[in-house]
Amino acid sequence: MALCGDIGALSLPSELIVHIFSFLSDRDKLRASAVCSRWRECLFYPALWTDLKLRLGGSVNGGGTGPGETPKLEFLMRKFGSFVRELELEFSPVEGYPGPVLDVDPDGHDTQFPDRWKDAMGCYLDQVLCVLRSLRNNRNLQKLSLYGATCILQEEGILGSLYSLDEDNQGSKKIKEIQQLFEQVLASGRQLKWLGCAFMLGMVKSRSLLSLSNLSAASLEHLSLLDGHALPPLEGQTPPPSDDRTPPLLCPPELERLPNLRSLVLDFRHFSSAMCQALSDGGRAPLLRLSLLLGGTAPPEAPPTEEDWQALVRQSVGLRVYLMALDGRSEDLLRVLKPSLPLEQLHFDSYAACSAGALELVSQQYHKTLTHFSLVRDNARFPDLSDNRNEDPLVLLAWRCTRLSLLLLHGYTVWAHNLIAIARLRGSSLKVLAVPEESIHFDPDQVQVLEEEPLHHLIKEVSLGLGRAWSPALDSALLLNDPTQHFYREAQSFSVAV
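J.: What's the story with helix α17 (residues 454-466) in this structure? I'm lost.
T.: For an α-helix, the turn length of 3.6 residues means that residues three or four places apart are oriented alike. In this model α17 runs 18 Å from its N-terminal to its C-terminal C-alpha over 13 residues, within 8% of the 18 Å that 1.5 Å per residue would give. Where α17 starts, the residue carrying a side-chain oxygen 3.0 Å from the main-chain nitrogen of L455 turns out to be E453. Directly beyond the C-terminal end of α17, a positive phi value near 75° is found at G467.

J.: Looking at this structure, I do not really get the confidence of the model for the chain. What am I missing?
T.: Regions with low pLDDT should not have their predicted coordinates read in detail. The predicted model of the chain averages 80 in pLDDT, with 78% of residues at 70 or higher. Of all secondary-structure elements in the chain, the lowest mean pLDDT belongs to helix α7 (residues 158-163), at 48, while helix α11 (residues 306-315) reaches the highest, 96. Note that pLDDT drops below 50 for residues 58-64; the model gives that stretch 19 contacts with residues more than four away or on any other chain. Note that residues 233-244 has pLDDT below 50 and, in this model, 11 contacts with residues that lie over four places away or in other chains.

J.: Please explain the pairing of strand β4 (residues 194-198) as it appears in this structure.
T.: Moving residue by residue along a regular strand, the side chains alternate between the two faces of the sheet. Counted residue by residue, β4 has five buried out of five residues, so it is predominantly covered. Burial along β4 is two-sided: the residues W194, G196 and A198 and L195 and C197 are all buried. Looking at chain direction, strand β3 (residues 143-147) and β4 are connected through five bridges and run parallel. Bridge pairing links K143 to W194 in β4. With five bridges joining them, β4 and strand β5 (residues 222-226) adopt parallel strand pairing. Bridge pairing links C197 to L225 in β5. For the crossover from β4 across helix α9 (residues 214-219) to β5, the handedness is right-handed.

J.: Please clarify how the pairing of strand β6 (residues 263-267) should be interpreted in this entry.
T.: For β6, a buried count of five out of five residues is recorded, marking the element as mostly surrounded by other parts of the structure. In this sheet, β6 lies alongside β5 in parallel orientation, the contact comprising four bridges. For S224, the partnering residue across the bridge sits in β6 and is V265. For the handedness criterion, the β-α-β arrangement of β6, helix α10 (residues 273-279) and strand β7 (residues 289-294) is classed as right-handed.

J.: Even after reading the chapter, I still don't get unusual backbone geometry, so can you show me in this structure?
T.: Most peptide bonds are trans, and most residues other than glycine sit at a negative phi. Positive phi is not limited to glycine here, since F199 has a value of about 60°. Judged by relative accessible area, which is 1%, F199 ranks as buried.

What counts, and at which threshold
Residues numbered from 1 in each chain as written. Predicted model: local features only at pLDDT ≥ 70, side-chain atom pairs only at ≥ 80, totals over all residues. Heavy atoms only, no water. Helix = DSSP H or I, 4+ residues; strand = E, 2+ residues; numbered from the N terminus. Expected span 1.5 Å × (residues − 1). Polar contact = N/O pair within 3.5 Å; in protein donor to acceptor, adjacent residues only side chain to side chain. pLDDT = per-residue confidence, 0-100. Contact = heavy atoms within 4.5 Å. Buried < 20%, exposed > 50% of the residue type's maximum accessible area, 1.4 Å probe, protein only. Pairing = 2+ DSSP bridges. Right-handed = clockwise from strand over helix to strand, strands pointing away.

Structure (structure tokens):
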């Protein structure tokens, strides 16, 4: 930058330089700090770093953000951790997991697997410690959002040795310190409004929220607590015993300290009838958003009844619910879908096939509230939901649910003529219709009478029905490899809308 005469950018007032740098991204700010000492001084002005969004992750094959990134994170948090107001930290899945890896023996096993994943776990724990140590005395923190990579959480062998807190090893010591630091952060805050902790290894214990200061408890508007224990086992792993029920991270009595809570994200197995009743108390602020993850384990022993949902809806008139059923069965889904549940978004993600009966129930009970419906099955077979039926349940859903704006289908068979019917029924109000080409089948009898290639005919008719150009495809942003990461991001967006 050059000005008139001999005056250069370094002669500008610091306030003006800080204002100019406020338009840069966090990454560009760090790069610009290496230009000169004056820029460095201005770029580390606290007003430029009121919020931080960091995406980290261990790496087993030399890519991603592995141990080499930890010193950079330490520098960043040492500079800004004590005064940052909003911090979002996301640990991306470890690179290469659960895909193929190198150095595989003739039996198909990775000979370096244990060492690689132990290194990745060590990196993960060090980076979590780095962040929490810098936040423990921050009294101005208003938003803390933490997401951990579930592939690290679930890996057998490594998790078993590190998560056993009775063992005298470095991993268990670090996890204990993480738990203590997290409680110190909660105790230090004075104006916390958003607290999210999803799938962070060992960070949140039962009753951890008791450490939350009274001021933050009164100001908290969003709470997200997911521990990952209810997640279905990875393919090839042994499922936990059916009676293995970990204590809930949030108990109904603790809600009394959170009177202004407007958004809540929980594991469904912890959302009991007592929890629903506590949220229905007349002295509370109305709950507006509720996101629930129904994992591979069973629903709570005493799930909310129809009367519980009716009471909650009366207290919270504007309540909307987002539910992801992860690797669940249709019968489990039917147990929790009560008529008065104000379901707005439903994502069914499973190895097991969803039944046509479950779809019909959804379309009948939630035709006034449902806006987003995703049906995903990660399996080589493509079941046909309309088999031996007069009407396709997806067409009936599109007909009944007049507010439907997103329909995502993956791993199921959908007939081309039914896809055209869906587009015509919902028209331009269906903002997203995502169906991969491999899911689409064509009726042989109809193909014979068409004068053009069947796929071209389908694209033309669906585009006409939607009133915009359309093609069979599935955006990777709509369907992540890790469904829990998808749930986390969707729940974040769902709650931010409040």
